[in-house]
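Remarks on the overall topology
Residue strings, one per chain:
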Amino acid sequence: LIQTSNGGIFSDGGSFTPTGIRSIILFKCDSNLNQMYFKLYPPNPSGHHFGLGCVETPDKGIIVVGNRHVNIYDDNAIVFKVDTAGNVVWWKEWQHNGDTTNVYFQDIVPKGDGTYLLVGNRRFDPQIGPAHETFWLVNMDENGKFLWWKEYKPEFYAGWSRIVPSLDGNFYACGVATVYDPDLPTGFAQNAAISKISPEGYLLWHKKHHVASGENYDIFFNVLATSDGGILCNGTTYENDSTRQNAWIVKLDGNGCIAPGPGCSTDSDEPIELPVGRNSWVSISPNPT
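Note that the structure is predicted; figures quoted are calculated from it, not measured.

Reading the values: rules and limits
- Residues numbered from 1 in each chain as written.
- Predicted model: local features only at pLDDT ≥ 70, side-chain atom pairs only at ≥ 80, totals over all residues.
- Heavy atoms only, no water.
- Phe/Tyr/Trp six-rings, centres within 6.5 Å; stacked < 30°, edge-to-face > 60°.
- Lys NZ or Arg CZ within 6 Å of the ring centre and 35° of its normal.
- Pairing = 2+ DSSP bridges.
- Helix = DSSP H or I, 4+ residues; strand = E, 2+ residues; numbered from the N terminus.
- Salt bridge = Lys/Arg side-chain N within 4 Å of Asp/Glu carboxyl O.
- Buried < 20%, exposed > 50% of the residue type's maximum accessible area, 1.4 Å probe, protein only.
- Contact = heavy atoms within 4.5 Å.
- Axes fitted to C-alpha atoms, helices over the stretch in contact; angles between N-to-C directions.
- Polar contact = N/O pair within 3.5 Å; in protein donor to acceptor, adjacent residues only side chain to side chain.

1. Thoughts on the packing of aromatic side chains
Applying the stated rule across the entire model yields 17 aromatic pairs. In textbook terms, an aromatic cluster arises when at least three aromatic residues are bridged by ring pairs, as seen for Trp94, Phe105, Trp136, Phe146 and Trp149. Positioned above the aromatic ring of Trp148 is the side chain of Lys150, whose terminal nitrogen or guanidinium carbon lies 5.4 Å from the ring centre. Over the ring of Tyr202 we find Lys150; its NZ or CZ atom is 4.4 Å from the centre of that ring.

Now the structure itself:
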C-alpha cells in the first residue's frame, strides 16, 4: 500500500480474468478507505500482465510499472499512467529484442527533477552459464519518454525489486544476485543484493549478503533509509533445507555492511556472511496495540 498526498491509499497487483489470462489490478481509496476505483489493465488481456510497482504523480495520477508476457518464454517491460479516475493517460512498452529475451520493470521512484528512476532486470539468451541477467536502471520523464538507461553486474540471475531515496540525495536499491556455482546441488547460490546509486546512474557501491550456513536462497524485497544513516532491509531466507522459509529483517550501516570492518567500504564479488541464527524471534517494541 502507498499513501497518497491527501491521505488515501493505492496499490497495484494482479488478477486472473475468466479466460485465465492475468490483468494488472490498480485500486485507490480515499482517506476514509472508501473505494474510488478498482480497475483491470488491460480489461481483456491477450497475455499475462504483472503490476510490480507504482508511484503518485504531482497531478494526483499514478504511474504503474511491470511486465507483459509476449509469449510463454518472453517478456516486455511496461509502464503506464492513469489519471485521478483511473483512466489510462499513456502506455509505454520496452520490447525485448536482439539478445534479450525478457525485460522487467519492478519499481519506480521520483528522481527529484520531474523525472523518474525505474529499476528491474534484463535477461539474455542463452539462459545458461555464469552470467545472463543484469541489474537495470532507466531514467524516464513524466510523459513516459525513456531518457537514458544503464545496466550493471551480470549474474546467473540478477535484479532490483525496490528503489527508495537515501538521506543524502542518492538512492538505495535491493533485490537478488544469484551466482552460478556448479559445485552446489542447485547449481547456484542466491544472495540478497543491496546497492547505492547516484541520481545520474552511477553505481556507488554494490554488496551481496547471505545467511551463515544457509541454503543459498536469500533475497531482499524492500529497503528503507533510517534516520541514523543506516539501511533497513527485509526479505526471506531458508534454513538448512529448502522446506522452511523465514522472514528476514536486516539492519545495515551506511556502506551496506552489517558492521564496520576491513573491506566494508569497498565492493567485493564475495557475499558478506550475516550472523543470523535459525528461528531468531523478532520482538516489536513498543507494541502498537
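Now, onward.
2. Regarding the sheet that holds strand S2 (residues 9-16)
Pairing is antiparallel in the open sheet, where four strands are placed in the order S1-S2-S3-S4. In the strand order of this sheet, the two ends are held by strand S1 (2-3) and strand S4 (35-41), each with one partner. In the sheet, strand S3 (residues 22-29) pairs with S4 via six bridges, with the strands oriented antiparallel. Bridge assignment links Leu26 to a residue of S4, and that residue is Lys39.

3. A word on the pattern of salt bridges
Per the stated rule, a full pass over the model turns up nine salt bridges. Among the ionic pairs, Glu155 bridges to Lys208, the shortest N-O distance being 3.2 Å. Of this pair, Glu155 sits in strand S12 (residues 146-155) while Lys208 sits in strand S16 (residues 203-211), placing them 53 residues apart in sequence. Accessibility classification places Glu155 together with Lys208 in one group, the buried group.

4. Focus on the pairing of S16
Every other side chain in a regular strand lies on the same face of the sheet, so the side chains alternate between the two faces. Of all nine residues in S16, seven are buried; the element is thus mostly enclosed. By the bridge criterion, six bridges tie strand S15 (residues 188-197) to S16 in an arrangement that is antiparallel. In the sheet register, Lys196 faces S16, and the bridge partner there is Trp205. Bridge count between S16 and strand S20 (residues 272-274): three bridges; the pairing is parallel. The residue bridging His209 from the neighbouring strand is Ile272, located in S20.

5. Focus on the environment of Pro110
Relative to the elements of secondary structure, Pro110 occurs in strand S9 (residues 100-110). A sequence separation of 29 residues divides Pro110 from Asn139, and the C-alpha atoms of the two residues are 9.8 Å apart. Residues contacting Pro110, with those up to four places away along its chain left out, are Val55, Thr115, Tyr116 and Phe171.

6. Considerations on the sheet that holds strand S17 (residues 219-225)
Taken in spatial order, the three strands of this open sheet run S17-S18-S19, and their pairing is antiparallel. Looking along the sheet, the strands with just one partner apiece sit at the ends: S17 and strand S19 (245-252). Going from strand to strand, the sheet's axes swing by 20° on average, the running direction of each strand aside. With six bridges connecting them, S17 and strand S18 (residues 231-238) associate as antiparallel partners. Bridge pairing in S18 places Val223 opposite Cys233.

7. As for the side chain of Thr4
Among the structural elements, Thr4 can be located in the loop between S1 and S2. When its relative accessible area of 6% is taken as the criterion, Thr4 is described as buried. Polar contacts involving the side chain of Thr4 include one to the side chain of Asn6, which spans 2.6 Å. In terms of polar contacts, Thr4 uses its side chain to reach the backbone amide nitrogen of Gly8, at 2.7 Å.

8. Observations concerning unusual backbone geometry
For the bond from Tyr41 to Pro42, the omega torsion is -20°, close enough to zero to count as cis. Here Pro42 shows up in the loop between S4 and strand S5 (49-56). Positive phi values are uncommon outside glycine, yet Leu33 reaches one of about 65°. On the secondary structure map, Leu33 appears in the loop between S3 and S4. Classification of Leu33 by relative accessible area gives exposed; the value is 59%. One non-glycine residue, Lys153, lies in the positive phi region at around 45°. Among the residues examined, Lys153 registers a relative accessible area of 30% and is labelled partly exposed.

9. Describing the pairing of S18
Here S17 folds back onto S18 in antiparallel fashion, the turn holding five residues, of which Gly229 has a positive phi close to 90°. The pairing of S18 with S19 spans eight bridges and is antiparallel. The residue bridging Thr237 from the neighbouring strand is Asn246, located in S19.

Geometric descriptors of this kind do not, in isolation, establish any biological role.
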